[in-house]
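The primary structure of each chain is shown beneath.
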Amino acid sequence: MALLPILNYPDPRLRTIAKPVKEVTAEIKTLIADMIETMYDAQGIGLAASQVDRHIQLIVMDLSEDKNSPRVFINPKVTPLVEEKQPYEEGCLSVPEVYDSVERPKKVRIEALDEHGKKIDEEVEGLLAVCIQHEMDHLNGVIFVDYFLNTAFSCVNEYSEWMFLILENKKNFYVVFLGKCGTNIGKLELLFVGTLTALALF
Ligand code: NI
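Quick caveat: nothing in here was measured; it's all calculated off a predicted structure. (Residues numbered from 1 in each chain as written. Predicted model: local features only at pLDDT ≥ 70, side-chain atom pairs only at ≥ 80, totals over all residues. Heavy atoms only, no water.)

Novice: Before we move on, can you summarise the coordination of the nickel ion with the specific residues and values?
Specialist: Surrounding the nickel ion are the protein donor atoms Cys92 (SG), His134 (NE2) and His138 (NE2), at 2.1 to 2.2 Å. Sequence positions of the residues that donate to the nickel ion give the spacing C-x41-H-x3-H. Here Cys92 is found in the loop between β4 (85–90) and β5 (100–105), whereas its partner His138 is found in helix α2 (residues 126–139), with 46 residues between them in sequence. (Donors = N, O, S within 2.8 Å, 3.2 Å for Na, K, Ca; no water. Helix = DSSP H or I, 4+ residues; strand = E, 2+ residues; numbered from the N terminus.)

Novice: Talk me through the state of the cysteines; I want residue IDs and the actual numbers.
Specialist: With the rule as written, the count across this model stands at zero disulfides. Cys92 supplies the cysteine sulfur nearest to Cys131, a cysteine that is in no disulfide, at a spacing of 9.9 Å. (Disulfide = S-S within 2.5 Å.)

Novice: Can you lay out a nonpolar patch on the surface for me, pointing to particular residues and giving the numbers?
Specialist: Together, Ile45, Leu63, Tyr88 and Leu127 give the surface a local cluster of nonpolar side chains, amounting to about 290 Å² of exposed area. With respect to the secondary-structure elements, Ile45 resides in the loop between α1 (26–41) and β1 (46–48). (Patch = residues over 30% accessible without salt bridge, like charges linked within 9 Å, V, L, I, M, F, W, Y side chains within 5 Å. Areas by Shrake-Rupley, 256 points an atom, 1.4 Å probe, with all protein chains shown as cover. Salt bridge = Lys/Arg side-chain N within 4 Å of Asp/Glu carboxyl O.)

Novice: Could you give me a rundown of the environment of Pro10, with the residues and numbers involved?
Specialist: Examined against the element boundaries, Pro10 turns out to sit in the segment before α1. Through-space distance from the C-alpha of Pro10 to that of Val95 is 8.3 Å; in sequence the pair is 85 residues apart.

Novice: Outline the pattern of salt bridges, supporting the account with residue identities and numerical values.
Specialist: With the rule as written, the count across this model stands at eleven salt bridges. The shortest N-O distance in the salt bridge between Asp53 and Arg13 comes to 3.2 Å. Here the residue Asp53 occupies a position in the loop between β1 and β2 (58–61), and Arg13 occupies one in the segment before α1, the gap between them amounting to 40 residues. Judged by relative accessible area, Asp53 falls into the partly exposed class, the value being 31%. You can call Arg13 partly exposed: its relative accessible area is 39%. What you see here is one network of salt bridges that share partners, running through Lys77, Arg109, Glu111 and Asp121. (Buried < 20%, exposed > 50% of the residue type's maximum accessible area, 1.4 Å probe, protein only.)

Coordinates in, geometry out; function isn't part of it.
Spelled out as structure tokens, the structure:
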């Protein structure tokens with residue numbers, strides 16, 4: 001087994017739409033084992049293949065306290081069963097140190113295959129419902145910060161080839177990127193994550 005590098009926001013590869021898995025080959029089985037190991041190592045509860053730069057519909061997850069009950073979802077389909085949404089303070093291994101509340105449907109149906117090709121068909125609530133929706137977003141190129149980050153400020157100094165891009169969320173939490181002018185946002189360097197007060201000091 002091997003630890004895989006996790007792509008960090010705003011890497012543009014995180015925007016790739018994942019393709020269905022055609023067959024669970026030996027290579028896919030190795031990828032599943034590596035993803036589970038990577039998830040445990042990074043102390044995460046879920047990891048989508050997109051986050052390790054493999055753009056196939058594959059998610060691993062472990063919501064158990066003892067971290068001994070990994071689950072695998074291949075070609076998952078997630079359908080909301082209720083309109084009611086619940087907020088949950090989410091984080092993401094691809095966006096270190098950023099946590100914020102995201103509202104998602106409270107109850108969903110998960111249809112998928114497990115690592116043995118066995119059908120999964122479950123109606124779930126709670127953390128599993130939150131986590132599977134977060135990971136499904138990854139397979140569709142969506143990152144949880146998309147729900148609350150706005151471009152607050154972008155500054156291009158005409159005398160300099162450097163630019164700042166500052167993203168703000170609704171709680172005055174700032175994410176600052178630095179890069180050369182004309183750089184695709186995905187290639188900008190993450191410089192700072194924190195509050196306005198800290199930003200003023202910086
Ligand atoms: Ni994530």
